[in-house]
Amino acid sequence: MQREALPLFDEPALAPSVPASSATPSAMSSEVFLAAVRSFRDFGTETREWIEDGIPYLVNEFWTAGQRQAHSIHEVSYRACFKPQLPEFFIDRLTLPGDGVLDPFMGRGTTPVQAALMARRPLGNDVNPLSTLLTRPRLAPPPLAMIAKRLNEVSWERAGQVRSDLLAFYHPGTLSQICALREWLLREAPLDERRPDPATDWLRMVAINRLTGHSPGFFSVYTLPPNQATSVTNQLRINVKRNQVPPLRDVKAVILKKTRQLLKDGLPPAHPPAMLGTGPAARMAHIPDGSANLVVTSPPFLDIVQYAQDNWLRGWFAGIDADAVEIAMHRTEVAWEAMVRAALTEMARIVRPGGHVAFEVGEVRNGKVLLERAVWRAAEGLPFDRLAVIVNQQEFTKTANCWGVDNNAKGTNTNRIVLLRRH
């Protein structure tokens with residue numbers, strides 16, 4: 001190693017759309033952006049730069065590692081998601097208001113939501129339909145009064161079929177409320193509805209987010225963090241170990257409290273219509289050619305995160321069979337790299353000439369696998385210029401701590417972004 005110095009959603013505009021830029025596809029050219037990264041000093045440290053195996057690296061703290069320093073509307077839990085400051089950093093410098101910003105692996109929707117907050121056009125995709133349910137409502141939130149009114153319209157007495165095994169998580173009274181809300185949502189806002197009522201859509205999103213956690217702000221008794229649903233068997237063990245019994249929760253009150261928290265920083269400004277879809281990143285037919293000025297994304301990392309297991313309870317509530325969602329678990333670097341190349345090939349169709357791709361990865365397997373190298377290789381021969389790998393160093397994160405990762409030593413607490421420019 002040599003080291004040298006299908007469209008599910010087309011959101012109506014909240015107001016007349018901000019016109020997209022026409023003369024140039026970005027606020028900064030690649031050269032100006034890289035110069036700004038090299039001279040970055042906002043947090044008191046200088047950017048370190050070196051070339052390793054032919055790849056330029058730029059390392060610094062480029063955005064804060066604080067847990068709750070972004071807009072409140074981002075506070076929706078999802079496993080292995082990056083902080084909003086990451087897309088904000090690139091959106092602010094590489095796009096103008098009205099420009100399209102895409103995430104082909106959008107997860108909880110951090111990139112599209114941040115794009116909306118910055119008056120850009122949100123473009124998103126994920127193979128998991130749960131992703132659209134978590135993202136869509138936050139792009140155009142309804143008024144609190146409308147949400148409260150819709151809650152009062154729920155048929156709370158019609159619980160339908162109640163899954164008794166879920167009593168491991170919930171008080172019988174709470175479970176009855178959850179099942180009634182689920183039945184009502186499946187009737188009022190089926191998954192295949194293109195334009196569901198905004199307030200109903202919002203209720204489902206918040207309820208999905210409040211299913212399990214470890215505080216009274218969730219429907220459940222104490223359990224794993226809200227982005228990881230444990231199994232019924234494991235929850236029963238937790239209950240015995242902690243000598244706990246699920247308490248009665250007021251589902252309506254919990255939803256309204258979380259709604260106020262999400263909306264406390266205000267609503268997204270007027271922005272062009274969003275386009276969200278469900279499917280593999282290699283086939284995003286709902287996104288037109290040349291419609292994105294920037295991609296900010298992060299794919300699943302090899303076989304670390306069990307997305308189906310983490311989301312089985314959310315899937316049940318939403319009417320999604322989590323086992324049927326084809327989230328690929330790439331167990332070898334070769335297979336993962338092939339997936340990345342297929343996705344980049346599709347991005348080449350969507351990104352405008354002069355636009356950029358910020359492709360975030362992390363180190364896995366104790367730092368022995370550097371996925372940015374695989375992305376760098378995957379882009380070779382495609383119509384992209386490979387510019388640099390930008391590494392944002394962070395302090396401990398909760399997830400990294402859960403994985404037993406040493407700070408800045410094993411990589412899952414650093415963001416490593418491969419920056420590409422479309423020819």
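For the structure itself, look to the data block above.
Residues numbered from 1 in each chain as written. Predicted model: local features only at pLDDT ≥ 70, side-chain atom pairs only at ≥ 80, totals over all residues. Heavy atoms only, no water.

A few points about helix 2 (residues 85-94)
- With 8 of 10 residues buried, helix 2 is to be regarded as a mostly interior element.
- For helix 2, the set of buried residues is Gln85, Leu86, Pro87, Phe89, Phe90, Ile91, Arg93 and Leu94. (Buried < 20%, exposed > 50% of the residue type's maximum accessible area, 1.4 Å probe, protein only. Helix = DSSP H or I, 4+ residues; strand = E, 2+ residues; numbered from the N terminus.)

A word on the nonpolar core
- Grouped together as the largest cluster of nonpolar side chains are 52 residues, with contacts concentrated most on Tyr170, Leu181, Phe219, Ile255 and Phe317.
- It is helix 6 (residues 172-188) that contributes the most residues to this core, 7 residues altogether.
- Those residues in contact with Tyr170 that lie beyond four places of it in its chain are Leu175, Ile178, Leu211, Thr212, Phe219, Ser220, Pro246 and Leu313. (Core = buried A, V, L, I, M, F, W, Y, C linked by side-chain atoms within 4.5 Å. Contact = heavy atoms within 4.5 Å.)

A few points about helix 4 (residues 129-139)
- Of all the 11 residues making up helix 4, 10 are buried; the element is thus mostly covered by neighbouring parts of the structure.
- All of the buried residues in helix 4 are Leu130, Ser131, Thr132, Leu133, Leu134, Thr135, Arg136, Pro137, Arg138 and Leu139.
- Here helix 4 starts with a cap whose side-chain oxygen sits 3.0 Å from the backbone nitrogen of Leu130, and that cap is Asn128. (Polar contact = N/O pair within 3.5 Å; in protein donor to acceptor, adjacent residues only side chain to side chain.)

A short note on the packing of helix 5 (residues 144-152) against helix 9 (residues 251-263)
- Interhelical geometry of helix 5 versus helix 9 gives an angle of 165 degrees and a closest axis separation of 11 Å. On the basis of the axis angle, helix 5 is roughly antiparallel to helix 9. Crossing of helix 5 against helix 9: the hand is right-handed. Here Leu144, Ile147, Ala148, Leu151 and Asn152 of helix 5 lie close against helix 9, whose contacting residues are Lys252, Ile255, Leu256, Thr259 and Arg260.
- Of the residues assigned to the contact of helix 5 with helix 9, the class counts are 6 nonpolar, 2 polar and 2 charged. (Axes fitted to C-alpha atoms, helices over the stretch in contact; angles between N-to-C directions. Parallel < 35°, antiparallel > 145°, perpendicular 65-115°, else oblique. Left-handed = near helix turned anticlockwise from the far one by under 90°. Nonpolar A, V, L, I, M, F, W, Y, C, P; charged D, E, K, R; others polar.)

Quick notes on the environment of Pro172
- Its place among the elements puts Pro172 in helix 6.
- Once the C-alpha coordinates of Pro172 and Arg249 are considered, the two residues, 77 residues apart in sequence, prove to be 9.9 Å apart.

Some words on unusual backbone geometry
- Positioned with a positive phi, Asp53 is a non-glycine residue whose angle comes to about 50 degrees.
- Summarising the element assignment, Asp53 is placed in the loop between strand 3 (48-52) and strand 4 (55-60).
- Relative accessible area serves as the criterion here: at 41%, Asp53 is assigned to the partly exposed category.
- A positive phi angle, near 65 degrees, is found at Ala119, a position not held by glycine.

Topic: the pairing of strand 13 (residues 414-422)
- Summarising burial for strand 13: 9 of the 9 residues are buried, a large majority.
- Direction of pairing for strand 9 (residues 351-361) relative to strand 13: antiparallel, over a ladder of 6 bridges. Each bridged residue has a counterpart across the sheet, and for Val357 the counterpart in strand 13 is Leu420.
- Alignment of strand 12 (residues 384-393) against strand 13, held across 9 bridges, turns out to be antiparallel. Residue pairing across strands places Phe384 opposite Arg422, the latter belonging to strand 13. (Pairing = 2+ DSSP bridges.)

Examining the pairing of strand 3
- Alignment of strand 3 against strand 4, held across 5 bridges, turns out to be antiparallel. Within strand 4, the position partnered with Trp50 by the bridge is Tyr57.
- Hairpin remark: strand 3 followed by strand 4, antiparallel, with 2 residues in the connecting loop; positive phi at Asp53, about 50 degrees.

Here's the deal with the packing of aromatic side chains
- The tally for this structure, following the rule as stated, stands at 13 aromatic pairs.
- Between Phe40 and Phe43, the aromatic rings sit 6.3 Å apart at their centres with planes inclined by 45 degrees, giving tilted as the arrangement.
- Looking at Phe43, the relative accessible area reads 39%, which means it is partly exposed.
- What links up through ring pairs into an aromatic cluster is the set Phe33, Phe40, Phe43, Phe62, Trp63, Phe89 and Phe90. (Phe/Tyr/Trp six-rings, centres within 6.5 Å; stacked < 30°, edge-to-face > 60°.)

Describing the side chain of Arg210
- Structurally, the position occupied by Arg210 is in the loop between helix 7 (198-209) and helix 8 (232-242).
- Buried within the structure, Arg210 lacks any salt-bridge partner; its nearest side chain of opposite charge belongs to Glu75, at an N-O separation of 7.8 Å.
- Among the polar contacts made by the side chain of Arg210, one reaches the side chain of Asn209 at a distance of 2.9 Å.
- If we skip the residues at most four places from it in the chain, Arg210 touches Gly217, Phe218, Phe219, Val254 and Lys258. (Lys, Arg positive; Asp, Glu negative; His and termini not counted. Salt bridge = Lys/Arg side-chain N within 4 Å of Asp/Glu carboxyl O.)

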